[in-house]
Amino acid sequence: MNLDTLNPEQRKAVEHTQGPVLILAGAGSGKTKVLTSRIAYLMEDKGVHPSNILAITFTNKAANEMRERVEKNIDSDTKDMWISTFHSCCVRILRKDINKIGYNRSFVIYDAADQVTLVKDCLKELNLSDKVFEPKVVISIISGAKDKLQSPKEFKQRNAGDNRLTKVADIYTLYQDRLKRNSALDFDDLILKTVELFRTNPDVLDYYRGRFKYIMVDEYQDTSKAQYELVKALAKGHQNICVVGDDDQSIYGWRGADIRNILEFERDYDDVFVIKLEQNYRSTQVILDAANTVIANNIERKRKKLWSDKKDGESIKIELAESEVYEADFIADTIWRLHKRDGRPFNDFAILYRANAQARPVEDAFNRAQIPYNIYGGTKFYERKEIKDLVAYLRVIQNPQDDISIKRIINVPKRSIGLRTIEKIEDRANLKQESIYSVLLDIDTNSDISTKAKGNINDFIDIVGTLRTIKEAYPVSKLVEKVLDLTGYMDELVEIRDKNKEDAITKSEEAQDRIDNLMEFISIAVEFENSTDENIEEKNLETFLTTVALTSDTSEEEQEDRVSLMTIHTSKGLEFPVVFLTGMEEGLFPISRAIKSMSDSDLEEERRLCYVGITRAKQELFMSLTRRRTLYGKTNVSIASRFIEELPDECIEKMYSKKQELPYSKANYNLLDKYTKKYMGSMSKTDMANKVNATVKDSKKETDIDDIKLGSKVYHKKFGPGTVVSVMGSDLTIAFEQQGIKKINKEYTTLDLI
DNA sequence: TGTGAAATAATTTTT
DNA sequence: TTATTTCACA
């Protein structure tokens with residue numbers, strides 16, 4: 001293995017193969033290179049057998065890339081080496097032995113939508129309102145508990161004092177029960193159950209311990225407690241565990257990632273060898289200076305300072321636009337300018353934002369300016385209705401115990417099996433502690449269901465039965481075609497398409513769209529059959545469903561020359577010659593919830609996100625903000641993001657008129673803080689609006705205030721003196737000296753000009 | 001069972 | 001603004 005292309009630090013990280021190693025790899029410091037070289041080094045120089053190596057990543061993309069790069073480095077094949085995501089690694093382990101903890105080995109995997117359906121069912125059964133216990137919220141609480149390895153029982157004990165959480169614990173209990181009965185696991189279970197399996201079956205753990213003599217974990221800052229325990233269990237004994245991560249790039253705390261895992265690695269393992277990779281091969285020094293300065297404001301971090309030998313570089317440009325429309329135009333203009341002047345191709349550029357909603361005005365501007373773009377995020381392929389329907393059929397074929405999927409498709413396409421009938425069946429299933437499928441099988445013995453409904457159900461059962469019998473004989477792609485054919489799903493869509501060709505063109509197009517998606521799904525199945533994925537032993541329906549469940553992106557590498565639009569979160573791990581960081585405004589970035597919570601850790605996560613955004617840029621970085629922004633139909637006056645204020649002066653260049661000042665100041669923060677604390681506190685947005693309105697209404701009096709303009713100094717009976725900072729229709733936004741910023745409807749307001 | 005008006009809520013999302 | 005969900009009614 002040739003290690004000459006590595007810098008001294010990287011080289012140390014590769015050569016230190018024994019015992020725990022912590023690699024703190026800053027953005028763009030070549031961590032993938034280190035990781036792949038290390039694997040190659042282990043095999044070639046240390047004679048480690050590929051099967052003794054386990055490399056874990058978070059995304060399929062990272063796993064695939066890693067395997068590819070390892071294979072490029074060495075001659076021997078990597079078939080026996082596990083390079084996979086946490087989740088697929090766990091599935092593999094569970095498929096072998098999950099029966100030892102009472103689950104069916106051919107379990108299916110539930111996604112977020114299935115979770116919602118299941119929780120709704122649980123709520124119904126427990127007679128709880130889904131208004132009080134919002135399924136999404138309940139799921140995130142359950143998910144949080146699972147990330148921390150808390151069983152329903154434990155969760156209940158821990159929250160014994162809290163009525164609401166005690167109820168949630170009941171939901172959690174039932175939810176787990178139902179998952180098991182359906183032979184289903186959710187994403188969190190994949191990790192949790194693997195840990196459980198290891199804890200209760202030492203022989204299984206011993207097997208994997210013996211097998212994985214060298215363990216590597218990528219993006220360690222994103223691991224949850226459960227993942228941490230999993231890795232720890234496997235590494236116990238030999239302790240050859242090498243984790244790579246960057247605490248400054250931990251941006252998934254809200255998803256259960258526990259930054260302490262990386263911060264406290266040295267405490268959790270003995271004699272940890274720590275390496276910092278601080279040389280950055282991606283960005284100019286100016287960009288790194290900016291990133292370093294911003295992130296230095298965080299307290300909770302390991303000290304690290306990126307440097308580059310690409311000295312200097314273009315300064316960071318800051319643009320202050322009137323509104324989000326102008327902001328988008330600025331971006332479009334700048335891209336054209338650099339495209340023409342410097343000959344930059346469109347795929348040199350990325351537009352990054354905090355929230356997906358910000359993409360719209362940019363899209364509009366790009367369409368006007370004829371700039372080709374790709375937008376990332378939004379509705380995922382596998383989340384589309386027709387795909388979910390089809391997958392539900394496949395799941396039922398694979399695992400008829402899957403009630404959630406059965407219920408989804410029993411009347412799709414329409415078979416005149418009504419809600420009432422389904423309810424009756426469900427009751428019976430609950431009563432007999434059986435799956436819905438088994439109730440359906442002997443539906444004829446059920447007395448309170450009409451003969452007609454019975455006939456319809458038997459038709460359905462026949463279709464599923466037929467599909468189940470041909471399951472083994474057919475390759476998945478053919479099976480998929482058969483599903484679409486036998487169920488009449490495809491026919492229905494074709495009919496809708498052709499029937500509405502004349503008048504309801506949208507409907508026709510929509511149907512065609514769905515047909516296209518289904519065809520796409522078939523080609524995904526074909527691809528699956530032809531692929532040479534080392535992680536898949538057998539190409540059957542079960543492994544196909546697993547692959548589908550554990551994959552979210554279907555998009556192939558976009559070869560075309562287009563500008564990329566995405567959230568900062570999705571940009572992690574990517575790099576672009578020119579980056580636009582948009583919406584650099586208080587309340588948007590950092591997002592208001594992070595400010596509102598006033599919790600340092602939330603704010604620090606926002607700052608890390610900013611750090612991630614900045615470090616995506618290789619050569620040029622633009623940051624933009626607006627004076628007023630319309631988001632979700634509401635216009636607000638913007639205050640510059642504190643992250644802009646944190647940038648070092650010598651790195652930045654203001655694009656807007658020198659006379660203008662950025663709308664920020666410490667005083668403004670204080671106003672905003674007061675405002676958010678006092679009026680937003682624990683209240684929802686609606687509550688807050690009501691509160692302000694009510695207060696204003698109290699002082700209702702006829703006054704002509706047409707003279708009020710932007711900048712008017714006014715006096716309000718309750719709120720005291722203030723300045724009008726925006727006028728939109730009859731909505732006034734006023735910055736009160738004492739009370740902070742408020743939105744007031746002038747129809748109901750008493751104001752004096754001063 | 002389907003339609004359309006009305007109400008409502010709207011970070012981020014690797015699997 | 002907009003997408004989604006709910007609810008009333010045919």
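Residues numbered from 1 in each chain as written. Chains lettered and ligands numbered in written order. Predicted model: local features only at pLDDT ≥ 70, side-chain atom pairs only at ≥ 80, totals over all residues. Heavy atoms only, no water.

Caption draft 1: Highlighting the overall build of chain A. A count of helical and extended segments in chain A gives 31 helices and 22 strands. When burial is assessed residue by residue, chain A has 54% of its 754 residues classed as buried. Expressed as a percentage of contacts within chain A between residues at least 6 apart in sequence, the contacts between residues at least 24 apart total 74%. For chain A, the exposed surface amounts to about 34500 Å²; the carbon and sulfur share of it is 47%. (Helix = DSSP H or I, 4+ residues; strand = E, 2+ residues; numbered from the N terminus. Buried < 20%, exposed > 50% of the residue type's maximum accessible area, 1.4 Å probe, protein only. Contact = heavy atoms within 4.5 Å. Areas by Shrake-Rupley, 256 points an atom, 1.4 Å probe, with all protein chains shown as cover.)

Caption draft 2: Just the protein's contact with DNA strand B, in detail. Neighbouring DNA strand B are 26 residues, the closest being R255, R354, K380, S552 and T567. Within 4 Å of the protein, the atoms of DNA strand B are drawn from sugar and phosphate moieties in a proportion of 50%. Here a base oxygen of DNA strand B and a side-chain polar atom of R255 are 2.8 Å apart. Class assignment of the residues belonging to the surface near DNA strand B gives a composition of 8 nonpolar, 10 polar and 8 charged. (Near = heavy atom within 4 Å. Polar contact = N/O pair within 3.5 Å; in protein donor to acceptor, adjacent residues only side chain to side chain. Nonpolar A, V, L, I, M, F, W, Y, C, P; charged D, E, K, R; others polar.)

Caption draft 3: Here's a closer look at the protein's contact with DNA strand C. Residues in contact with DNA strand C, as listed here, are R360, Y632 and G633. Looking at DNA strand C alone, sugar and phosphate atoms form 33% of those within 4 Å of the protein. The separation between a phosphate oxygen of DNA strand C and a polar side-chain atom of R360 is 3.5 Å. A distance of 3.3 Å separates a base nitrogen of DNA strand C from a polar backbone atom of Y632.

Caption draft 4: A look at the confidence of the model for chain A. Averaged over every residue, the pLDDT of chain A is 86; residues scoring 70 or more account for 87%. Confidence scores differ between elements of chain A, with helix α31 (residues 685-698) showing the lowest mean pLDDT of 32 and strand β13 (residues 576-581) the highest of 98. Every residue in residues 669-705 scores below 50 in pLDDT, and together they form 62 contacts with partners more than four places removed in sequence or on other chains. (pLDDT = per-residue confidence, 0-100.)

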